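An overview of the molecular structure
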Amino acid sequence: MKARILQVGLLVLGLIALTLTLLLFFSIRDKRTELERSVEKRLEILADGRAEIVSTWLSGLAAQGDRIIQSDVFRLYAAEIDRIEGDVSVLLNPPPEFHRDRLGESSLAGLSEQLPMMVNLLKEFVSYGGFLSGRIVNRTGQAYIATDAATVSLSEEQKGLLRSVLESRKRRVGPLRFHAGGLVLDIYLPIFPPPGATDEPSRPVAVLMLSRLVTQRLDEILAGSPLAMEWEKTRLVQARGSVYEEILPGVPGRGLKRLERSAFNPHKGLPFGVRMDLEGKTRVYSVGRKVSGPDWWIILEADYSLATRPLRSFIRTTVTIAVLVLSALSLLLGAAWWKVVGKESRKIAEQIDSQHRFLESINSTVTDYIAYKDLDGVYRYVNRAFAKAVGREVDQCIGLDDQAVFGFDTARRLRSSDDLVLEKETSITVKEQIYLSSKPHQLLITKIPLKDSGGRITGIVSVFTDITPIVEAQEKRERMIRQTIDAFVKTVEMSDPYLAGHSRLMSILSKAVSKELKTDEKESLTVEFASLLSQIGKVFVDRTILTKPGVVTEEERQELRKHVEHAASILRDIDFDLPLLEAIYQMNEHEDGSGYPRGLKGEDIQLTAKILAVANRFCAMIRPRSYRSALSPQEALTILERETSKYSPEVVKALKHFVNSAEGDKLLGKMG
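Quick summary incoming for the structure in this document. These numbers come from a predicted model, not from an experiment.

Considerations on helix α14 (residues 468–495)
Relative to the 40 Å expected for 28 residues at 1.5 Å per residue, α14 spans 40 Å between its end C-alpha atoms, a close match to the ideal helical length. The complete set of buried residues in α14 reads T468, V471, I481, I485, F488, V489 and V492.

Here you go:
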């Protein structure tokens, strides 16, 4: 019952735990999806917004240059300059013969004279527009108007961008470059000729290159947005050929940082996802947006650990709640189980206590001595009768062994029977004489192996029954019987000493044969006493027939056989407490039924009678008779072994074994 309740409870608890686990799994998964969607949406909005701001800002910068590239003065001047072949530095010191061939002396002089004015106009524009510098470069890459006196030569990258603008006829924004004053942005604007100035009005005749310090503005753009979280970061990356650089306007004296290809690769796409940051150190959510125009990308990153902090908090909360729910259910189930089990246990305990008191009352009142020893031979329980018998209190016996209680010799005998119980794993009963309170007691001891629920022997329970009064009564009665029998034997001796000697020898041999056949004590006493009385009936048979030297007649034989009835008539009314009369009555029966007085045969004849018959026959043959001399014991045994139809071969074999033993040889040797 308890096991079934426990199994059902555990099954229910397991199902609840499984359900809670599934609910947790789906709840956490949904929460993660919701959080990532929120982060994704916010990062995409921020990235789109920043990219749009940058793009608008760059468009605004480029639009400022429209005042120059849309000015007819600059367009016409640039168209005229475009007609100069070769080095435009001739405007500062023109060789007369060269310009005369291409533009005419008056035109070249005019362009040379206009150059300072054009420079001043551009300087005014640059200053007014907040640019760092401005240049107008012809199609051969020569700057013929520059706002700064220390104009450095164009780099190969700048030259490439100029050619790109002339070929594409579109505006370009160059990559940010680091300058002593900060990050500098170059804007390239194509200058087209005014209508009618050249044969190809759609082909640029020069490029306006404007440079501007943008550190502060970029720092403002990349600064934190009110919409952004503190753990979100905006980054700007530009391409410079095959190299990618992160733009760091907030880092003094640096500004640009080259990125590893593994950290940033726009060709693999920049959708929202979990990846390492641009420095390859921190796990982040990130998304990228391409800025319209230049090869720039706005990257929005959100620290993964901080962004998922609400999710971890949610997981801790839900797991805690689930554990609490499961714990509460476990406690509820445990309480229910304890209540049921406790009730049942209390009931069992009451039953055990009742049984214990019942057994204790029995053990306290019974006169038999009851004890329990463990496998080490140490007493673990004794009843009051046992303790009283050995002269101790109950608690004084606990923990002692047989040697401490009964002494060395008795303990050795008891250990022998204990070993037999443990070996056979069955109960046995032995009879032992043990001194209790310095007096010998005859104890009948039944030893029972005690086994646990697994069938393993844990000790031996011994029940000692004091049979001293019974044994003494038996001994007294046996003495009385012996006295009675001795009286009858003396009667026989007085009438015929020969019969008395025959009976005593027959008694000794019968007892020896009985021992050889391992008969019980009662059978042994029966053959011993019956042998002594076996000839008493012959006292009433005519002596002339008993001592007749020749062959007796049939009438004499019948008279001789009456000794059985005479014996029966004498012994019938005497209570020997042993089947003496029946043994004497059957001792003249034969195995084949040829005996007397009833003609019994085989198994109908008692074993005691068969022993008496063989002993009687043997004793008769080894003693002389009036009609023959005595036979030797071996001759007598040979005859008995031939007379298997009359005498039990088993009994004859036992007699032979005794006669041939040292004890038998000594007994028969005294007879001479």
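Some points on the pattern of salt bridges
Within this structure, the stated rule accounts for 37 salt bridges. A salt bridge links R83 to E80; its shortest N-O distance comes to 3.4 Å. R83 sits in the partly exposed class, given a relative accessible area of 45%. Close ionic contact of E641 with K656 constitutes a salt bridge, the shortest N to O distance being 3.0 Å. In this pair, E641 sits in helix α22 (residues 633–642) while K656 sits in helix α23 (residues 649–659), placing the two residues 15 residues apart along the sequence. Look at E641 and you get partly exposed, because its relative accessible area is 37%. Each of R235, E246, K257, E279 and E301 takes part in salt bridges that share partners, so that together they form one network.

Things to note about the nonpolar core
One finds L185 and W296 to be the most contacted residues of the largest nonpolar core, which totals 61 residues. Counting residues in hydrophobic clusters, the runner-up holds 48 residues, among them F529, F618, V659 and L667.

Let's talk about the sheet that holds strand β11 (residues 283–290)
With respect to topology, six strands assemble into an open sheet ordered β9-β8-β7-β12-β11-β10, the strand pairing being antiparallel. The two strands at the open ends of the sheet, each matched to only one other strand, are β9 (255–258) and β10 (273–276). Across the sheet, the mean angle from the axis of one strand to that of its neighbour is 40°, orientation sign disregarded. Across four bridges, strand β8 (residues 243–248) lies against β9 in antiparallel orientation. Residue pairing in the sheet places I247 in a bridge with L256 of β9. On the sheet, helix α7 (residues 215–222) packs against β7 (232–240), β8 and β12 (296–303) and is oriented at approximately 135° with respect to β7.

What counts and what doesn't
Residues numbered from 1 in each chain as written. Predicted model: local features only at pLDDT ≥ 70, side-chain atom pairs only at ≥ 80, totals over all residues. Heavy atoms only, no water. Helix = DSSP H or I, 4+ residues; strand = E, 2+ residues; numbered from the N terminus. Expected span 1.5 Å × (residues − 1). Buried < 20%, exposed > 50% of the residue type's maximum accessible area, 1.4 Å probe, protein only. Salt bridge = Lys/Arg side-chain N within 4 Å of Asp/Glu carboxyl O. Core = buried A, V, L, I, M, F, W, Y, C linked by side-chain atoms within 4.5 Å. Pairing = 2+ DSSP bridges. Axes fitted to C-alpha atoms, helices over the stretch in contact; angles between N-to-C directions. Contact = heavy atoms within 4.5 Å.

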